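# Geometric and topological summary
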There are 2 protein chains.
Amino acid sequence: MNRVRLLTPGPVELHPRARLALAGPQVHHRTEPAREAFRAVRRGLAAAFGTEGEVLLLTASGTGAMEALVGGLFAPGERVAVPVSGKFSERWAEIAGALGLEVARGDLPWGQPLTPEEVLGLMAPGTRGVLLTHSETSTGVLNPLAEIAAAVRAAHPDALIVVDAVTSLFLAPLALDALGVDAALAGSQKGLMLPPGLAFVALGSRAQARLRPYGYYLNLDRERRVQEKGESAFTPAINLVLAARAVLEELLPDLDAHLKRKRAYLERLYAIGEGAGLRPVPAREGVPAPMELRTPATAAFHLPEGLPFEAVRDAFLARGARIAGGQGALKGRSFRISLMGHYPGPEADWAFGVFREVLAELL
Amino acid sequence: MNRVRLLTPGPVELHPRARLALAGPQVHHRTEPAREAFRAVRRGLAAAFGTEGEVLLLTASGTGAMEALVGGLFAPGERVAVPVSGKFSERWAEIAGALGLEVARGDLPWGQPLTPEEVLGLMAPGTRGVLLTHSETSTGVLNPLAEIAAAVRAAHPDALIVVDAVTSLFLAPLALDALGVDAALAGSQKGLMLPPGLAFVALGSRAQARLRPYGYYLNLDRERRVQEKGESAFTPAINLVLAARAVLEELLPDLDAHLKRKRAYLERLYAIGEGAGLRPVPAREGVPAPMELRTPATAAFHLPEGLPFEAVRDAFLARGARIAGGQGALKGRSFRISLMGHYPGPEADWAFGVFREVLAELL
C-alpha cells in the first residue's frame, strides 16, 4: 500500500519521537516513571499555553474537554455568549445548549475573523462567560484573541473567557495569563503531532476558583484534586502521555522558532494558492483577511467555480497526499491544506511542490 | 533500562499485533480504510459480547462508558439497584449518585461473590435497572452473571440489566443476548491487550429502545445514529481502533480456546499460591470461592500476616515483573497477579516460575 501523507488539519503526520514512544511496551500508569511523565506533560503544556495555572489531561477528544469546561465553569441557566463563525464555534454553542445554559448565540459569516465589537454585542449585563474559538480550523481564521480578550475584560470584568485552542496550541503564539484568558483546551492530534485520544484543559486562577462538580468522567473539579498529586482519577491514555513528553522535550526549548516555521509554511501555501488565482476563505466582505488573521493550522481556499472538491482531493491523492474539504457551511465549496503535522524542510518542500502541480493540472 | 513485564490486571502486556499496528503512520479517521476498521471492530466486539445489538466505540476510559450508560439509560430520580462488593461496583454507585439517580446501594463484603438473592433484595418494585459488575477486578471475583440475570429477568422483567464487563470480555465467556443482559461495557487495556484509551458499549434491543440524550460527549443516542453509518461523532482514537481490528482478527476465530487458556492460567496461579498456603480473596464466610466464581482476569490473594505488600511487589520487580496491590478496602491487605495480557505458553511459564520463586523466598 502506498503511503499517503496527511496534509489535513488533524489528524496529522506524527512526530517521529511520538512514533518511537508509541512503539514501546506498555507502561503501567500507577508507577513512578508514568507519574513523572504525567507531571512533565502537565508542566510542559502549561508553558505552551502560557499559564501559571493548572493543565489537566483527559482521556477524550477535544470535544470532551470542551464539555468538561462548560460543565465545570457554568451552571445550567447561566448565560454565556458564543459568537459562531465556523464549525467549532458552533460546537461551543451546541454544548452550552445541551448542558442547559442560556446561550447568547451570534451567527456571523463563516470565514470572517471576529471583532471585539461583535463579541461584546452578544454580552448582555450578567453574562457569565464567553466561549471563543481561537483558531477556527473549519474556515482557516485565526481570531484576534488579544483584542477580544482585552475588550471583554474591560467591559465585563467578571465574565470568564474560555478558549478553544485546539489548533492554535503549538501553531500560534499563546499566552493565556498575559491575555487574561481564564481557560482553554486543546487535543493531542493537532500541533503536538500525536495520535488522537488525549485532551488538555488549561485553568487559570479565576477558572480554578469557579470550578464546580460536573458529571463524573469529565469532572474537572475531581481531576484537579488528583492530578495535583500526579495521579489521574481514571486510567489515562498513558501511552499518549509518554509520547507527549517525548515531543514536548523537542518542541519546548525552541518553540518560537517552531511557530515561525509554521507561520512561514502558511504564507508559502497562500502564496502558491493565491498566486494561482485561488481565493482564501478567511475574508471580511470579500476582502481577504490579513495574514495575521489566518491560522497557521491550515490554509483554506474557496473552490473555483466548476471545480468539484473530489477533483482536487484526487489530484493530491494521486501524488500521495491527502487534503481536507470544507466543513459545515463550507462543505463542497472549499478545500484545506495543512502542514500542521511533522513537516521538516524537505517534506514541506515536497508538499509545496505537490500543491503547485495540482494547481497547474486543474486550473 | 530493564524491561519490566506487567502481571497487573490492566494495563497489560500488549498483543504484538497491536504494537505493530500502533507503530504505523497516522491514518485519517474520515477515510474509507478507517471507516472499514471502525465497522469491523464494532462487529467483532458484538460477537465477543454475544449480542446482535449495537457496539459503540468511545474515546474514553471504561469509566466514561459507565457514565454514558447510566446517563443514557436512566433519568435523574429513577431508581437503580447497585450491589457493592468491590471498587468497581462502588464506582457504579458513585456514578449513579453523581447523575442524580435514586441508588438502592447494597454494601456487601468485598471478595464475596454475589447471589441472586442479594441482588433481588435491593430491588423494590419500580426499580428501573440494576448495575452489575461481572468480573470484580479489585477482589478477583467473577459474579455468577447467568443466575443473577435470570433471577432479575424473572422477578423484574422491566428492569434493565447493565453490566461492567471491563475484565470479563475476552477472559470469561460472555453472551449478553442469551443471558438477557441489556447493556455492557469494556475497555481496550484489558482482555483485548491494547493500550488504554478506547471504551466499548454494547446495547441490546431493549437498551437501544430506552436510550435518551445525555450530555454531549458521552451521548450514546447521538453516537448510535452516526456509528450506524460507520462514522463517529467526534475524532476517535483511530489508532486504537486499527490496533483492535488487528487483535480481533487473531482472537475471534479461536475465542473458546483463548478463554480456556486464560482459565487454565488462572487455575495454575491459584494452585501455586494456595499450594504455598496463601488464602484467595474470593470467598464466602471464610471458605474460598469455587474456581468458577474467580475471575480469569486476575488471581487475588490475602497477604499473610506480617508480610507487607511492598515486599511482595519488590520481589517480583527484582525478577522483572510488576504485580498489583489490593484496591480500596483491600489496599495493603492483598495482592493481585494477572496473566490477562499477551502471555503465550513460554512467557506464562516464566511468570509461574517467578511466582514460585517469590513465594519460596518470602514465605
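This structure is a prediction, so every number in the text was calculated from the model and none was measured. (Residues numbered from 1 in each chain as written. Chains lettered and ligands numbered in written order. Predicted model: local features only at pLDDT ≥ 70, side-chain atom pairs only at ≥ 80, totals over all residues. Heavy atoms only, no water.)

Glancing now at the overall build of chain A. Secondary structure summary: chain A contains 13 helices and 16 strands in total. On the principal axes, the C-alpha backbone points of chain A span a range of 55 × 55 × 30 Å. The proportion of buried residues among the 363 residues of chain A is 64%. In chain A, the proportion of contacts linking residues at least 24 apart, taken out of those at least 6 apart, comes to 73%. If you sum the accessible surface of chain A, you get close to 12500 Å²; carbon and sulfur atoms cover 52% of it. Here chain A contributes 39 positively and 38 negatively charged side chains, and the mean placements of these two sets differ by 4 Å. (Helix = DSSP H or I, 4+ residues; strand = E, 2+ residues; numbered from the N terminus. Buried < 20%, exposed > 50% of the residue type's maximum accessible area, 1.4 Å probe, protein only. Contact = heavy atoms within 4.5 Å. Areas by Shrake-Rupley, 256 points an atom, 1.4 Å probe, with all protein chains shown as cover. Lys, Arg positive; Asp, Glu negative; His and termini not counted. Charge placed at Lys NZ, Arg CZ, Asp CG, Glu CD.)

Next up on the list: the packing of aromatic side chains. Evaluated as defined, the whole model comprises 16 aromatic pairs over all chains. Judged by centre distance (5.6 Å) and plane angle (35 degrees), the rings of Phe301(B) and Phe335(B) are tilted. One end of the pair, Phe301(B), is in strand β13 (residues 299-302); the other, Phe335(B), is in strand β16 (residues 334-337), and 34 residues separate them in sequence. On the basis of relative accessible area, Phe301(B) is assigned to the buried category, the value being 0%. Among the aromatic residues, those joined into a cluster by ring pairs are Tyr270(A), Phe301(A), Phe316(A), Phe335(A) and Phe355(A). Between Arg294(A) and the ring centre of Tyr270(A), over which it is positioned, the NZ or CZ distance is 4.4 Å. (Phe/Tyr/Trp six-rings, centres within 6.5 Å; stacked < 30°, edge-to-face > 60°. Lys NZ or Arg CZ within 6 Å of the ring centre and 35° of its normal.)

Tallying each qualifying case throughout the model produces 9 cavities of 30 Å³ or more. Considered as a void within the structure, the largest cavity measures approximately 130 Å³ in volume. For the largest cavity, the full set of lining residues is Leu22(A), Pro195(A), Pro196(A), Ala237(A), Asn239(A), Leu240(A), Leu22(B), Pro195(B), Pro196(B), Ala237(B), Asn239(B) and Leu240(B). Elements represented by at least two residues in the lining of the largest cavity include exactly α10 (238-251) of chain A together with α10 (238-251) of chain B. (1 Å grid on protein atoms, 1.4 Å probe; cavity = no way out; pocket = protein on both sides within 12 Å on 5 of 7 lines; lining within 4 Å. Points joined across faces, edges and corners; volume = space filled by probe spheres on them.)

All names here are of chain B. Spatial strand order, β13-β16-β15: 3 strands in an open sheet with antiparallel pairing. The two strands at the open ends of the sheet, each matched to only one other strand, are β13 and β15 (324-325). Bridge count between β13 and β16: 4 bridges; the pairing is antiparallel. Residue pairing for β16: Ala 299 is matched across the bridge by Ile 337. Its contacts with the sheet put helix α11 (residues 255-275) on β13 and β16, and the angle it makes with β13 is roughly 15 degrees. (Pairing = 2+ DSSP bridges. Axes fitted to C-alpha atoms, helices over the stretch in contact; angles between N-to-C directions.)

What follows concerns the relation of the copies chain A and chain B. You can overlay chain A on chain B at an RMSD of 0.0 Å; the transform is a turn of 180 degrees with a shift of 0.0 Å along its axis. With respect to symmetry, the two chain copies, as superposed, fit the operation of a two-fold axis. (Least-squares fit on C-alpha atoms with pLDDT ≥ 70 in both.)

Moving on to the side chain of Asp182(A). Residue and element names in this part refer to chain A. Its place among the elements puts Asp 182 in the loop between α7 (176-179) and β9 (183-187). Asp 182 gets classed as buried once you look at its relative accessible area, which sits at 5%. Separated by 2.8 Å, the side chain of Asp 182 and the backbone nitrogen of Ile 161 make a polar contact. (Polar contact = N/O pair within 3.5 Å; in protein donor to acceptor, adjacent residues only side chain to side chain.)

This brings us to helix α6 (residues 145-155) of chain A. Residue and element names in this part refer to chain A. Along α6, the residues that are buried comprise Leu 145, Ile 148, Ala 149, Ala 151 and Val 152. Buried positions in α6, seen along its axis, are confined to an arc of 165 degrees and lie on one side of it. The elements touched by buried residues of α6 are α5 (116-120), β5 (129-133), β8 (160-164) and α7. (Arc of directions from axis to C-beta.)

This part is about the pairing of β8(A). Residue and element names in this part refer to chain A. Counted residue by residue, β8 has 5 buried out of 5 residues, so it is predominantly covered. Sheet analysis places β5 next to β8, joined by 5 bridges and oriented parallel. Within β8, the position partnered with Leu 131 by the bridge is Val 162. Bridge count between β8 and β9: 3 bridges; the pairing is parallel. Along β9, the bridge assignment pairs Asp 164 with Leu 185.

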